[in-house]
Amino acid sequence: MSDILRRATVVVIGAGQAGLSAAYHLQRRGFVSAVDQPEAERTYVVLDANPAPGGAWQHRWESLRMATVNGIFDLPGLALPAVDATEPSRLAVPRYFAGFEQAFGFPILRPVRVVAVRGADDEPGGDLVVTTDHGSWITGAVINATGTWTNPVLPRYPGQDTFRGRQLHTRDYVRAEDFAGQRVAVVGGGISALQLLEEISRVATTRWYTRREPVFHDEFRSETLGRETIVKVMADVAAGRPTGSVVSYTGLVWTPYALAAKERGALERRPMFTAIEPDGVREADGSLTPLDAILWATGFKADLAHLGPLGLRNDLGGITMDGTQVAGEPRVHLIGFGPSQSTVGANRAGREAVTALVRRLPAALPARSAG
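Just so it is clear, the model here is predicted, and its values are computed rather than measured.

Caption draft 1: Here's a closer look at helix H1 (residues 17-28). Helix length check: H1, at 12 residues, gives a terminal C-alpha distance of 17 Å against a target of 16 Å (1.5 Å per residue), a fit within 8%. Of all 12 residues making up H1, 10 are buried, and the element is well covered by its neighbours. By the burial criterion, the buried members of H1 are Gln17, Ala18, Gly19, Leu20, Ser21, Ala22, Ala23, Tyr24, His25 and Leu26.

Caption draft 2: Here's a closer look at the pairing of strand E6 (residues 128-132). Summarising burial for E6: 4 of the 5 residues are buried, a large majority. By the bridge criterion, 5 bridges tie strand E5 (residues 114-119) to E6 in an arrangement that is antiparallel. From the neighbouring strand, Ala116 faces E6, where its bridge partner is Thr131. Of the strand pairs in this sheet, E6 and strand E7 (residues 135-144) are connected by 5 bridges, and their pairing is antiparallel. Bridge pairing links Val129 to Ile138 in E7. Linking two consecutive strands that pair antiparallel, namely E6 and E7, is a turn of 2 residues.

Caption draft 3: Focus on the side chain of His169. Position of His169 among the secondary structure elements: in strand E8 (residues 166-169). By relative accessible area, His169 is classed as buried at 1%. Polar side-chain contacts of His169 include one of 3.3 Å to the backbone oxygen of Val153. With residues near it in sequence (within four places) discarded, His169 still touches Pro152, Val153, Leu154, Leu295, Trp296, Thr298, Gly299 and Phe300.

Caption draft 4: Broad picture of empty space enclosed by the protein. Within this structure, the stated rule accounts for 1 cavity of 30 Å³ or more. Space inside the largest cavity adds up to approximately 50 Å³. Grouping the constituent residues of the lining of the largest cavity by class yields 4 nonpolar, 5 polar and no charged.

What counts as what
Residues numbered from 1 in each chain as written. Predicted model: local features only at pLDDT ≥ 70, side-chain atom pairs only at ≥ 80, totals over all residues. Heavy atoms only, no water. Helix = DSSP H or I, 4+ residues; strand = E, 2+ residues; numbered from the N terminus. Expected span 1.5 Å × (residues − 1). Buried < 20%, exposed > 50% of the residue type's maximum accessible area, 1.4 Å probe, protein only. Pairing = 2+ DSSP bridges. Polar contact = N/O pair within 3.5 Å; in protein donor to acceptor, adjacent residues only side chain to side chain. Contact = heavy atoms within 4.5 Å. 1 Å grid on protein atoms, 1.4 Å probe; cavity = no way out; pocket = protein on both sides within 12 Å on 5 of 7 lines; lining within 4 Å. Points joined across faces, edges and corners; volume = space filled by probe spheres on them. Nonpolar A, V, L, I, M, F, W, Y, C, P; charged D, E, K, R; others polar.

Everything listed here is a matter of geometry and, on its own, says nothing about what the molecule does.
What follows is the structure in structure tokens.
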């Protein structure tokens, strides 16, 4: 299928919360399927690398329940049905997303992995070519909603390759029982690190390592912190600065699982070790701590490698944004990125991106057939 070349007015990359929101708003604004109606005036298609609906949620660890996720905001036009708080999020959320897709009949192609996005020619406002492992698409605009799950942050430490135990990242974690009776280092100061530390500490001897001293806030401040975080992240992306992790803006909240870990003595934070050795890690004080496993709960970064040919990053390594649009590049919108990484932010960003594209459509995105 690598020789297939098709056209769409807009290509949405990713079918998680942000991508589905964009699809909904494109449909509402009169865009139709580029798959079924390729010669229509305004068309769109959604390309999703996952094998099934659910975005990154289908890959979450087994023990992450609906009661402990940070919140799932309703997708536009279809409220989240009542769910059992004890149900795994990897089941409940994909089921909701699948129902949403079925209700509105979006043109979603999967599994389709986008390899690269580049200009079709040297014209600044010309077409874009979206190359995938199932052919290419010519389009006037891209709404990128690829999230972060496929781009884990994996630090490198001296001696890391010599460790005889198991090393894994948050995205590889499945269940605490896999570490029963072991000595486990959990590395990271974010929300996921805290959740996994609490779980694993029930069945194993854990050690918690972070680069900075964690800062905890009372739970009642979480809403205020959320608003403050959005303002800070928006300022960073508007200035083209690379954004940090969520916890670097917010600190941590004393959730029930954080309190449970504290009561169990699992929140005795240690400064980062200086090296990894075959049987453990060398502590900052020079002592050796024997370990059976190291869990790198060190977060994720936006998965934007396929946009590399467009040269969107600045000298700081960030991408300067104007709302959802890449500054100076009206053909590309990033949603579920920066301040819109939350589920409510992703919904709003989907609407904002579509509104912006429709505003410039008559002049910059002429409709063309698939011929």
